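# What the coordinates show
Listed below are the residues making up each chain.
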Amino acid sequence: MDPVEVAAAPEAGPGPAWQSKCPWGAPNTTSISCSLADVMSEQLAKELQLEEENAAFPEVVAVAEGPFITGENIDTSSDLMLAQMLQMEFDREYDAQLRREEKKINGDSKVSISFENYRKVHPYDSDSSEDEVDWQDTRHDPYRADKPTTTPRRGFTGKGKDITTKHDEVVCGRKNTARMENFAPEFQVGDGIGMDLKLSNQVFNALKQHAYSEERRSARLHEKKEHSTAEKAVDPKTRLLLYKMVSAGMLETITGCISTGKESVVFHAYGGISETEDKVIPPECAIKVFKTTLNEFKNRDKYIKDDYRFKDRFSKLNPRKVIRMWAEKEMHNLTRMQNAGIPCPQVVILKKHVLVMSFIGQDQVPAPKLKDVTLSSEDMKTAYYQVFNMMQQLYKECNLVHADLSEYNMLWHDGKVWLIDVSQSVEPTHPHGLEFLFRDCRNVSQFFQKGGVAEALNERELFNAVSGLNITADNEVDFQEEIEALEKMNEDHVQNHGKKLSMFSSDGDPPIYDE
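Residues numbered from 1 in each chain as written. Predicted model: local features only at pLDDT ≥ 70, side-chain atom pairs only at ≥ 80, totals over all residues. Heavy atoms only, no water.

## Notes on the sheet that holds strand β5 (residues 251-260)
Our working definition: Pairing between strands is defined by DSSP: at least two bridges between the two strands are required. For helices the rule is a DSSP run of H or I covering at least 4 residues; for strands it is a run of E covering at least 2, with both sets numbered from the N terminus onward. Every axis corresponds to a line fitted to the C-alpha atoms, with the helix fit spanning only the stretch in contact, and the corresponding angles, defined between N-to-C directions, vary from 0 to 180 degrees.
Taken in spatial order, the five strands line up as β5-β6-β7-β9-β8 in an open sheet, and their pairing is antiparallel. Of all the strands in the sheet, the pair left with one neighbour each is β5 and β8 (347-351). On average, each strand axis in the sheet is tilted by 25° relative to the strand beside it, whichever way the strands run. Sheet topology note: the strand β7 (residues 284-290)/strand β9 (residues 354-358) ladder contains five bridges and is antiparallel. Bridged to K288 within β9 is L355.

## Focus: a nonpolar patch on the surface
Put simply, the rule reads: Each patch groups residues whose relative accessible area exceeds 30% and which form no salt bridge, using 9 Å between like charges and 5 Å between nonpolar side chains of Val, Leu, Ile, Met, Phe, Trp and Tyr. Only the protein chains shown count as cover for residues, and the accessible areas themselves come from Shrake-Rupley with a 1.4 Å probe. Whenever Lys or Arg places a side-chain nitrogen within 4 Å of a carboxyl oxygen from Asp or Glu, that contact is recorded as a salt bridge. Burial classes: relative accessible area under 20% of the type maximum marks a residue as buried, over 50% as exposed, and values in between as partly exposed (1.4 Å probe, protein chains only).
On the surface, F90, Y94 and Y118 cluster together into a nonpolar patch covering about 320 Å² of accessible area. Structurally, Y94 is set in helix α4 (residues 79-106). Its relative accessible area of 31% is what places Y94 among the partly exposed residues.

## Topic: the confidence of the model for the protein chain
As a reminder, the rule being used: pLDDT expresses, on a scale from 0 to 100, how confident the predictor is about each individual residue. Whether two residues are in contact is decided by their heavy atoms, any of which lying within 4.5 Å being enough.
For the protein chain, the mean per-residue pLDDT works out to 76, and 68% of the residues sit at or above 70. Below a pLDDT of 50 lies the segment residues 60-68, which in the model reaches two contacts outside its immediate sequence neighbourhood of four places, other chains included.

## As for unusual backbone geometry
Of note, the phi angle at K352 is positive, near 55°, even though the residue is not glycine. Of note, K352 is situated in the loop between β8 and β9. For K352, a relative accessible area of 46% corresponds to the partly exposed category. The residue D363 is not glycine, and still its phi comes out positive at about 55°. Here D363 is to be found in the loop between β10 (361-362) and β11 (365-366).

## Side note on the layout of surface pockets
Operational definition: Grid points spaced at 1 Å and placed over the protein atoms alone form the basis of the search, with a cavity being a set where a 1.4 Å probe fits but cannot get out and a pocket an open set showing protein on both sides within 12 Å along at least five of seven lines. Lining residues have an atom within 4 Å of a point. Grid points are joined across faces, edges and corners, and a volume is the space filled by probe spheres set on the points. Classes in brief: Ala, Val, Leu, Ile, Met, Phe, Trp, Tyr, Cys and Pro nonpolar; Asp, Glu, Lys and Arg charged; the others, Gly included, polar.
Size it by volume and the second largest pocket reaches roughly 760 Å³. Considering the residues around the second largest pocket, the lining is formed by 31 residues, among which S259, K369, N409, I420 and D421 are closest to the centre. Broken down by secondary-structure element, the contributors of at least two residues to the lining of the second largest pocket are β5, β6 (264-271), β7 and β9. Considering every element that reaches the lining of the second largest pocket, the biggest residue donor is β5, with three residues. Its residues assigned to classes, the lining of the second largest pocket shows 14 nonpolar, seven polar and ten charged.

This is the structure we're talking about:
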């Protein structure tokens, strides 16, 4: 670009020398000659273009009263304007921080605090007008009636005939109305003070008791929702356990629910890859999730508190631990049955109250229960002898009593009977072990006798055949009395010789009771 040729300054006029050098004096006009390059500059081209656009599209510009600052007309050459802009931005951020602190501290409380006096609202940067006032952010609410005045310590106010004691009906009624604000936030009390409502002591006490009852009930419902399993037994903690199993590759996918019961829910899943080479995960798995609702286990502690394997760890004061022990007990019982060769699900892994086992069925279709399947006479007879042999094997080799054996806990798959649901199974040395065995024998005998198996033994004969005992009684009542007497002898023996000393011989034979 060619340099700008500046003309010589004019000669100084007449007058003192300080006037020509004074900065507040009138500026001397100088003529500046511009080159061709300055005339053809981009700035000049933009100015010409803006003039043409303004001529083609005229705009009506309204002049606002008072200071108006936008991003187009900000004069950044003024230090005062820059300082005002920065202060406005700082005040806005400061007020926003105060509002966040108020919301965090107050929450849903009826009694709230305000930082109104600490806010810095700029005079021409206010977001709300005087007509739009948020009364929740002010210390005084003009629509809220004043609370009743308190009675002095002396117990009365006024003089002479105008004495009002603290037991006055009107004063007490207004105080009770004001005290309703101390109830829980979810308990709607209304604007009793504004209505000048007067509550008697009887009505206030009834409302207070009802408010406390509702608060406790809502707390119980919240705890049940957050910490207990709901329908389908999938609470947040259970979902997290299942998600970890799928993420670790142990399970490929969980398809859905296949069975529900009082104490557990069973899901179907496809097996994945095991982390260790010695453990093989079956292609199809059954996930048994024990419900963590406590009401289902109130009457189930008798199955576990007297079992010497878990007696030291049993705590009636912590029912949630009992639920985990219930799942652990089924795992140990299934392991015993599997080692003895009894058809039962194979244990894969146990995580808290979630037990993963092999799936008895095919293609997501579970094997039918013995009560739902229609068998021929030959298959029914075969099933009876299988159940009879499994009961003997379970009692002698596994040292267990099923304690809930019936057609509901037996599956028919691949031409044979499979035993499931052994979480309540106990050892014969349990204080009620023989009673549970006699109940199992009654259920099995009645089912197969109704099914047309002529060779089926009655409950007393089946009990003696399974246990190896020789109890002779004419009726069922005397038979049960002898069973209770044997259990009493067994309990005394355990107490005298130690809780872990069983009456079995080393080869696993059942105990021989001598009368």
